[in-house]
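# Descriptive structure summary
One letter stands for each residue in the lines below.
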Amino acid sequence: MLLIPYIIPLDALLVIGKQLQENLPVSYRLVEIACKHLTDTSHVVRNKCLELVGCLGLLEKPVGKEMENLAARDVQKIITDYFTDQDPRVRTAAMKAMLQLHERGMRLQQTIYCQVCQALSDDYEQVRSVAVQLVWVLSQLYPDSIVPIPSSNEEIRLVDDTFGKVCHLVNDGSWLVRVQAAKLLGSMNQVSVQFLEQTLDKKLMSDLKRKRSAHERAKELYTSGEFSSGRKWGDDAPKEPVNTYTVNLINSGACGAFVHGLEDEMYEVRLAAVESLCTLGQASASFAEKCLDFLVDMFNDEIEEVRLGSIHALRHISSHIRLREDQLDTVLAVLEDSSRDIREALHELLCYTNVSTKDGIHLALVELLKNLAKYPTDRNSIWKCLKYLGSRHPTLVLPLVPELLSTHPYFDTPEPDMDDPAYIAVLVLVFNAAKTCPTMSALFSDHTFRHYAYLRDSLSHLVPPLQLPGRKTLVSDSSSLALSEDSSRQFVQKSLDRVQSIQHLDAHGSQDLLKLTTRDLQRLGELQPELAGIAEFSATYLQCQLLLMKSLQEKLWNVAAPLYLKQNAMASAAAKQVLAYTYELEFLYSGLESRQLVIIHHVRLQAKALQLILSACTTRGMEILLNMCEKFLQELEAFTR
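The rules we used
- Residues numbered from 1 in each chain as written.
- Predicted model: local features only at pLDDT ≥ 70, side-chain atom pairs only at ≥ 80, totals over all residues.
- Heavy atoms only, no water.
- Helix = DSSP H or I, 4+ residues; strand = E, 2+ residues; numbered from the N terminus.
- Buried < 20%, exposed > 50% of the residue type's maximum accessible area, 1.4 Å probe, protein only.
- Contact = heavy atoms within 4.5 Å.
- Areas by Shrake-Rupley, 256 points an atom, 1.4 Å probe, with all protein chains shown as cover.
- Phe/Tyr/Trp six-rings, centres within 6.5 Å; stacked < 30°, edge-to-face > 60°.
- Axes fitted to C-alpha atoms, helices over the stretch in contact; angles between N-to-C directions.
- Parallel < 35°, antiparallel > 145°, perpendicular 65-115°, else oblique.
- Nonpolar A, V, L, I, M, F, W, Y, C, P; charged D, E, K, R; others polar.
- Salt bridge = Lys/Arg side-chain N within 4 Å of Asp/Glu carboxyl O.
- Polar contact = N/O pair within 3.5 Å; in protein donor to acceptor, adjacent residues only side chain to side chain.
- Core = buried A, V, L, I, M, F, W, Y, C linked by side-chain atoms within 4.5 Å.
- Expected span 1.5 Å × (residues − 1).

## Thoughts on the overall build of the chain
What the chain contains, in helices and strands, is 29 helices and two strands. By residue count, 44% of the 641 residues in the chain fall in the buried class. Taking contacts inside the chain between residues at least 6 apart in sequence as the whole, the part at least 24 apart equals 69%. Per element, the accessible surface of the chain, about 35,300 Å² overall, is 53% carbon and sulfur.

Right, dumping it as structure tokens:
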């Protein structure tokens with residue numbers, strides 16, 4: 001309670017200072033007040049004062065008549081003095097204040113690097129958590145500065161030294177610090193290659209050990225004696241020389257940082273390590289090849305989020321790698337996963353993967369067909385995957401064509417069923433490979449050409465245009481694809497124009513026309529994914545009109561009560577369905593014009609009017625009926641606006 005008179009004014013000063021940051025004299029006075037109270041015995045007061053200094057400390061030397069009489073304070077020096085405070089909460093607040101100065105645009109001094117590095121081994125995790133952020137900031141500001149290695153005469157780049165220290169924190173006792181360290185590793189792109197590769201090996205590489213000169217080795221040989229004296233057993237046995245002159249350029253605890261991160265018991269650490277591997281692999285092709293095995297092993301992680309993250313990471317570095325058969329086998333095993341997100345992510349990965357052998361292509365096809373048989377709903381995703389797999393590996397698909405299409409050089413083979421999704425998947429793979437491999441079409445049988453013509457019309461987004469020798473070119477170039485899409489759009493427009501003639505037909509003919517048009521539009525949406533939105537939107541709107549037409553045709557308000565009760569349920573259900581359709585039309589589709597929104601609201605108003613009529617025939621009590629009418633009038637008034 002005694003601290004409240006100090007804390008509340010400091011909070012008020014902080015709020016005032018944030019509002020008047022452009023007023024330099026006021027900011028200076030507030031910083032002066034904070035500096036006077038930094039010697040307070042309470043850690044709460046010191047924390048508030050440090051926060052005030054971090055928020056309001058002057059970033060540049062004051063210039064101007066108003067600031068002539070004010071002595072500039074070195075806010076970085078003031079804050080740095082509290083890096084070694086006896087209270088860990090004050091040490092944390094000091095480093096946060098330094099980070100705040102950096103965020104405001106002040107360039108931090110390199111002289112604080114040693115003190116921040118000492119804070120990385122602090123006993124309190126809050127201090128280590130902020131210190132690792134601060135040391136990362138310094139590594140980005142002074143990456144090529146040279147710093148000495150403690151207890152030696154060796155020197156290395158600051159960013160390499162920082163990288164080793166952050167790697168060491170991947171083994172920290174606090175999982176929050178481990179997560180933070182693993183994330184920061186991915187953003188240190190200026191690290192030397194040997195330090196980067198050391199994170200994948202738990203044993204210290206020779207490149208990171210100091211080499212002794214020939215003079216030093218000769219001196220050691222002279223002082224130790226060339227021959228064994230024979231007084232001590234095994235004194236001439238060969239052994240690895242270990243002496244005080246051997247200096248490691250990186251802490252041995254930091255070796256294999258990513259290996260430790262990927263094996264961590266907390267899935268957050270593993271996920272952060274996977275993301276950092278992905279970021280570093282995108283920037284370095286050699287590192288991407290070395291971390292490939294580690295990412296593939298993470299496909300078997302027990303946490304779905306980690307498995308999904310490793311799949312996405314491998315996809316991002318796929319341009320730098322080529323999968324071996326054993327790696328591909330591990331990757332394809334994930335197709336058995338029960339999660340649809342995992343399977344679809346793996347399909348997308350295979351779209352961009354480079355396979356090394358034809359056996360790998362065959363293995364991928366077999367596993368994808370097993371996936372199709374087990375999960376038929378993955379059909380479109382698998383077809384798309386095989387499309388890209390075939391187009392990326394035409395030379396590997398070529399020797400597999402006779403086996404895949406079951407052709408024989410002398411005997412006719414039975415024609416496969418075109419309704420089989422597995423056979424369509426094989427054709428998608430073969431036809432996309434044939435686009436850049438002209439000799440492949442010579443291996444096709446007659447029914448394969450017919451199937452190509454059918455798939456080219458029904459699945460044009462999956463089957464490319466091919467130049468078939470000795471046959472009429474079905475699709476010559478990309479302009480034909482655009483022509484096909486234009487014809488589909490014309491079909492939609494003609495269907496909607498035909499519906500406008502509904503007013504000249506009788507009730508039965510109008511309903512039949514709406515049914516046929518709705519069915520055609522729904523089928524077009526299945527065959528042409530590019531026009532699925534337009535077709536489904538139009539079909540849903542026509543379905544609303546059909547339901548309203550059926551309901552109004554009965555004229556239930558003129559029917560006797562016994563007959564009315566039987567048909568009321570159907571009409572009420574139709575009105576509710578129309579309302580649901582109108583909300584789908586308004587909120588499920590984007591890019592609607594104001595005119596289209598008005599039409600949707602008009603249909604919704606018709607459905608509510610139908611509900612009002614149906615309720616009026618069955619509701620007893622004038623008060624309830626008046627409330628319903630008043631609510632409908634309010635909606636009508638809102639529509640007219």
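## Structural notes on the side chain of Thr-540
With respect to the element layout, Thr-540 can be found in helix 26 (residues 532-553). Once you skip the residues sitting within four places of it in the chain, Thr-540 turns out to touch Tyr-581, Leu-585 and Tyr-589.

## Quick notes on the packing of aromatic side chains
Each aromatic ring pair is summarised here by two numbers: the centre-to-centre distance and the angle between the ring planes. In the structure shown here, the tally under the stated rule is seven aromatic pairs. A centroid spacing of 5.8 Å and a plane angle of 65° characterise the contact between Phe-444 and Phe-449, whose relative ring orientation is edge-to-face. When its relative accessible area of 9% is taken as the criterion, Phe-444 is described as buried. Given a relative accessible area of 12%, Phe-449 falls into the buried group.

## Brief notes about the packing of helix 16 (residues 325-332) against helix 18 (residues 358-374)
Remark: helix 16 packs on helix 18, axes separated minimally by 10 Å, with the N-to-C direction vectors making an angle of 10°. Considering the angle they form, helix 16 stands roughly parallel to helix 18. Packed against helix 16, whose contacting residues are Glu-325, Leu-328, Asp-329 and Leu-332, the element helix 18 presents Asp-359, Gly-360, Leu-363, Ala-364 and Glu-367 at the interface. Within the contact of helix 16 with helix 18, the residues separate by chemical class into four nonpolar, one polar and four charged.

## Section: the pattern of salt bridges
This structure, assessed with the given rule, holds 25 salt bridges. Close ionic contact of Glu-197 with Lys-290 constitutes a salt bridge, the shortest N to O distance being 3.5 Å. Residue Glu-197 is found in helix 10 (residues 193-198), and its partner Lys-290 is found in helix 14 (residues 285-297); the two are separated by 93 residues along the sequence. A salt bridge links Asp-326 to Arg-324, with the nearest nitrogen and oxygen atoms 3.1 Å apart. Residues joined by salt bridges that share partners form a network here, namely Arg-340, Arg-343, Glu-344 and Asp-378.

## A word on the environment of Lys-36
If you trace the backbone, Lys-36 turns up in helix 2 (residues 24-36). Residues Lys-36 and Cys-49 lie 13 residues apart in sequence; the distance between their C-alpha atoms is 8.9 Å.

## With respect to the environment of Asn-432
You can see Asn-432 is positioned in helix 22 (residues 421-434). Taking the relative accessible area as the measure of exposure, Asn-432 reaches 5% and is therefore buried. Separated by 44 residues in the primary sequence, Asn-432 and Tyr-388 place their C-alpha atoms 7.6 Å from one another. In contact with Asn-432, not counting residues within four places along its chain, are Lys-387, Gly-390, Ser-391, Leu-462 and Pro-464. Within polar-contact distance, the side chain of Asn-432 engages the backbone oxygen of Leu-462 at 3.0 Å.

## What about the nonpolar core?
One recurring pattern in soluble globular proteins: nonpolar side chains tend to sit buried together. With 136 residues, the main nonpolar core has Ile-79, Leu-314, Met-440 and Phe-444 as its most contacted residues. The element best represented in this core is helix 22, accounting for eleven residues. In contact with Ile-79, other than residues within four places in its own chain, are Leu-50, Val-53, Ala-94, Ala-97, Met-98 and Leu-101.

## With respect to helix 2
With 13 residues, helix 2 should reach 18 Å at 1.5 Å per residue; the first-to-last C-alpha distance of 18 Å fits that figure. Among the residues of helix 2, Ser-27, Tyr-28, Leu-30, Val-31, Glu-32, Ala-34 and Cys-35 are the ones counted as buried.

## A look at helix 26
Relative to the 32 Å expected for 22 residues at 1.5 Å per residue, helix 26 spans 31 Å between its end C-alpha atoms, a close match to the ideal helical length. Considered for burial, the residues of helix 26 that qualify are Ala-532, Ala-535, Phe-537, Ser-538, Ala-539, Thr-540, Leu-542, Cys-544, Leu-546, Leu-547, Leu-548 and Ser-551.

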